[in-house]
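# Architecture and fold: a report
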Amino acid sequence: MTSTPPAPMPSAQTPGSRGPRPFAAPLTGVRTSVELLLGLSFLVAVSFGGYGAAVGQVSVVAQLGALVFLVTLTCALVSWFRPADREPSDR
C-alpha cells in the first residue's frame, strides 16, 4: 500500500476570503443633522397626531411633521445604503 501525503492545512487567510470591511462613510455634519431631524420629525408627527386624534381634529403640525419625516427617512436610507453601491464587483 502506498500512503498519500496529508492534505495541506487551510491557512487563515485564503485568497478568496476577505476580512471584515471597515465602515467607509464617516459621519458628517449633514448626515448627523438628517438623522436628528428624522427622529425629531417622527416625535412631532406621532405626538401631534395623537393629540389631534384625542381631540377629534386634524392637526396641520402632524401632517407637516409626517411629510418632513418621510423626506428625511428617504435621505437617511439613501445615505446609509450608498456605500454598498460603490464596492468593486468581483468579476
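Structure shown above.
These remarks concern the structure in this document.

Criteria and thresholds
- Residues numbered from 1 in each chain as written.
- Predicted model: local features only at pLDDT ≥ 70, side-chain atom pairs only at ≥ 80, totals over all residues.
- Heavy atoms only, no water.
- Helix = DSSP H or I, 4+ residues; strand = E, 2+ residues; numbered from the N terminus.
- Buried < 20%, exposed > 50% of the residue type's maximum accessible area, 1.4 Å probe, protein only.
- Contact = heavy atoms within 4.5 Å.
- Areas by Shrake-Rupley, 256 points an atom, 1.4 Å probe, with all protein chains shown as cover.
- Polar contact = N/O pair within 3.5 Å; in protein donor to acceptor, adjacent residues only side chain to side chain.
- Expected span 1.5 Å × (residues − 1).

### Section: the overall build of the chain
- Scanning the chain from N- to C-terminus turns up two helices and zero strands.
- Every one of the 91 residues in the chain was classed for burial, and the buried ones make up 13%.
- Of the contacts formed within the chain by residues at least 6 apart in sequence, a portion of 66% connects residues at least 24 apart.
- Carbon and sulfur atoms make up 69% of the accessible area of the chain, which totals about 7700 Å².

### Re the side chain of T72
- With respect to the helices and strands, the residue T72 is situated in helix α2 (residues 60–85).
- Of the polar contacts made by the side chain of T72, one reaches the backbone oxygen of V68; its length is 2.9 Å.
- Residues within four places of T72 in sequence aside, it is in contact with V34, L37, L38 and S41.

### Remarks on helix α1 (residues 29–55)
- The end-to-end C-alpha separation of α1 is 39 Å, in line with the 39 Å expected for 27 residues at 1.5 Å each.
- One or two positions beyond α1, positive phi appears at G56, with a value near 80°.

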